[in-house]
Amino acid sequence: MTLEAAIPMPTPLPLRPFGRTGRVVTPIGLGLAALGRPGYITLGHAGDLASTAVMEMRAHCLAVLDVAWQAGIRYFDAARSYGRGEEFLGDWLTARGLSPGEATIGSKWGYTYTADWRVDAEVHEVKDHSLPVFERQIAETRSHLGAHLALYQIHSATLSSGVLDDAAVLAALAGLRQAGVAVGLTLSGAGQAETLERALDCRVDGEPVFDAVQATWNLLEPSAGPVLQAAHDAGLGVMVKEALANGRLTPRNDAPDFAERRARLQAEADRLGTDIAGLALAAVLHQPWADMVLSGAATAAQVEANVAALSVAWDARAAATLAALAEAPETYWQTRSALPWN
Ligand SMILES: NC(=O)c1ccc[n+]([C@@H]2O[C@H](COP(=O)([O-])OP(=O)(O)OC[C@H]3O[C@@H](n4cnc5c(N)ncnc54)[C@H](OP(=O)(O)O)[C@@H]3O)[C@@H](O)[C@H]2O)c1
């Protein structure tokens, strides 16, 4: 570790075991969906980037990673479809002289980036959970992250993608697990619960295939809560994504149809001494089954604000007052799929 010379060695946030993966994580991790490519679906993404030129985005990403490290974050989440996200993360690990295990590194396969560094691309990513794609992408991921890769996840597994019934892919994942990389899946859509229930039954040679799950849970879409508790009880590491509903649960959301809910959130945020984003993150951090919550910060200031949510004293009154914010899962995912790439 060569940081000492540059800046003092920061204390990590409290480390905890991540289910039965044999890895440790911090209560907050950093996801690179908004940092590895010029286009993403969060509310004000375009405004977060001073420039979308490759070298400027690389410098921006490494600066945000530095601030996350300084804030004590020790889990970082990438994906093949996050443009150059894996490459930037790999460059940062090398530039900072980090050894495998000093940070826990996760990535995802199953979506291929097709936007060619454009924000207005027709198609930004293509989903394919077949064995040839797995074999191609694990090699690509290894070329960027090497021995740092600690967790490899199916990207947005669904029952309809068929991957959980694909014996050849499950056998390949079991092989990766035996080779020392923890295997997980990420969920997406109104059917998150059903997909996870199926995944909990997946076995190869009697051994479970999955040791970790990444799922969407937030104040607008809490429907996967009970099955995430079951996964946690079964020994899986549970990480939450989209805790801020892609920016809809932040001060940025000024949509007229959100005004009443915004006022309710603001009142509770004022009572607990935070803002709407801090409140929404605190709600997730206080779920008993949540081992880790991913920050989707696009700027250094958002990283620091997200980590500060650890000190928000979420309570039963907030939970009761905000329970009414939950949307029907179909409605939530419809709204999400209509969010523009920007
Ligand atoms: N299917 C999958 O596997 C999947 C899908 C989605 C995400 N993920 C993972 O989960 C991570 C987080 O997801 P996400 O970024 O989509 O969702 P998110 O956490 O719900 O939203 C993050 C966005 O909220 C805004 N924000 C964050 N902190 C803020 C603050 N303090 N004040 C105001 N705005 C703030 C920023 O957007 P703006 O500044 O642009 O408004 C930021 O990009 C991703 O990086 C990725 O690793 C995985």
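A. The arrangement of the overall build of the protein in detail. When you go through the protein residue by residue, the secondary structure sums to 13 helices and 14 strands. Computed over its C-alpha atoms, the radius of gyration of the protein comes to 19 Å, within 12% of the 20 Å expected for a compact globule of 342 residues. C-alpha extents for the protein along the principal axes are approximately 50 × 50 × 40 Å. Per-residue burial over the protein gives 54% buried out of 342 residues. Summarising the internal contacts of the protein: among those between residues at least 6 apart in sequence, 79% fall at separations of at least 24. Approximately 13300 Å² of the protein is accessible, and the part contributed by carbon and sulfur atoms is 55%.

B. Representation of empty space enclosed by the protein within the structure. Summed over the entire model, instances satisfying the criterion amount to one cavity of 30 Å³ or more. In this structure, the largest cavity encloses a volume near 30 Å³. Taken together, F18, T21, R23, V25, Y75, T104, A150, L151 and A182 make up the lining of the largest cavity. When its residues are assigned to classes, the lining of the largest cavity shows six nonpolar, two polar and one charged.

C. Expanded view of helix α9 (residues 259-271). Helix length check: α9 (13 residues) gives 18 Å between terminal C-alpha atoms against 18 Å at 1.5 Å per residue, within 8%. Among the residues of α9, R261, L265, E268 and A269 are the ones counted as buried. The buried residues of α9 occupy an angular sector of 105° when projected down its axis, which confines them to one face. Looking at the packing, one finds that the buried side of α9 touches α10 (276-285) and α12 (316-322). Phi turns positive, to about 70°, at G273, one or two residues after α9.

D. Expanded view of the pattern of salt bridges. Inspection of the entire model under this criterion finds 22 salt bridges. One salt bridge in this structure joins E125 and R37, with 3.4 Å as the shortest N-O distance. Of the two residues, E125 is situated in strand β7 (residues 125-127) and R37 in the loop between β3 (28-31) and α2 (45-48); the sequence distance between them amounts to 88 residues. The partner of D120 in a salt bridge is R118, with the nearest N and O atoms 3.0 Å apart. Through salt bridges with shared partners, one network takes in R20, R177, E207 and D211.

E. The arrangement of the packing of aromatic side chains in detail. Under the criterion given, the structure shown has seven aromatic pairs. When the ring of W217 is compared with that of W289, the centres are 5.8 Å apart and the planes differ by 70°; the resulting orientation is edge-to-face. Linking W217 in the loop between β12 (212-216) and α8 (225-233) with W289 in the loop between α10 and β14 (292-295), this pair joins segments that are 72 residues apart in sequence. With a relative accessible area of 7%, W217 lands in the buried category. You can call W289 buried: its relative accessible area is 3%. Through a chain of ring-to-ring contacts, three or more aromatic side chains come together here, namely W69, F76 and W92. Here the basic side chain of R74 rests over the ring of W69, its NZ or CZ set 3.5 Å away from the ring centre.

F. Geometry of the site of the ligand. Near the ligand there are 32 residues, and of these Y40, D48, T186, N246 and R252 occur at the shortest range. Between the ligand and the protein, one listed contact pairs an oxygen atom with a side-chain N or O atom of T42 at 3.0 Å. Take D77: an N or O atom from its side chain is 2.9 Å from an oxygen atom of the ligand. The protein chains hide 96% of the 890 Å² of surface that the ligand would expose on its own. Of all the secondary-structure elements, those providing two or more residues to the shell around the ligand are α2, β8 (149-157) and α11 (300-308).

G. Looking closely at the pairing of β8. Taken across its nine residues, β8 has nine buried, putting it largely inside the fold. One ladder, built from five bridges, connects β8 with strand β9 (residues 182-187); its direction is parallel. Bridge pairing links A157 to L187 in β9. Assessed by its sense of winding, the connection that carries the chain from β8 through helix α6 (residues 167-178) to β9 is right-handed.

Reading the values: rules and limits
- Residues numbered from 1 in each chain as written.
- Predicted model: local features only at pLDDT ≥ 70, side-chain atom pairs only at ≥ 80, totals over all residues.
- Heavy atoms only, no water.
- Helix = DSSP H or I, 4+ residues; strand = E, 2+ residues; numbered from the N terminus.
- Rg over C-alpha atoms; globule rule 2.2 N^0.38 Å.
- Buried < 20%, exposed > 50% of the residue type's maximum accessible area, 1.4 Å probe, protein only.
- Contact = heavy atoms within 4.5 Å.
- Areas by Shrake-Rupley, 256 points an atom, 1.4 Å probe, with all protein chains shown as cover.
- 1 Å grid on protein atoms, 1.4 Å probe; cavity = no way out; pocket = protein on both sides within 12 Å on 5 of 7 lines; lining within 4 Å.
- Points joined across faces, edges and corners; volume = space filled by probe spheres on them.
- Nonpolar A, V, L, I, M, F, W, Y, C, P; charged D, E, K, R; others polar.
- Expected span 1.5 Å × (residues − 1).
- Arc of directions from axis to C-beta.
- Salt bridge = Lys/Arg side-chain N within 4 Å of Asp/Glu carboxyl O.
- Phe/Tyr/Trp six-rings, centres within 6.5 Å; stacked < 30°, edge-to-face > 60°.
- Lys NZ or Arg CZ within 6 Å of the ring centre and 35° of its normal.
- Near = heavy atom within 4 Å.
- Polar contact = N/O pair within 3.5 Å; in protein donor to acceptor, adjacent residues only side chain to side chain.
- Pairing = 2+ DSSP bridges.
- Right-handed = clockwise from strand over helix to strand, strands pointing away.

Note that all results are geometric; they support no functional claim without further evidence.
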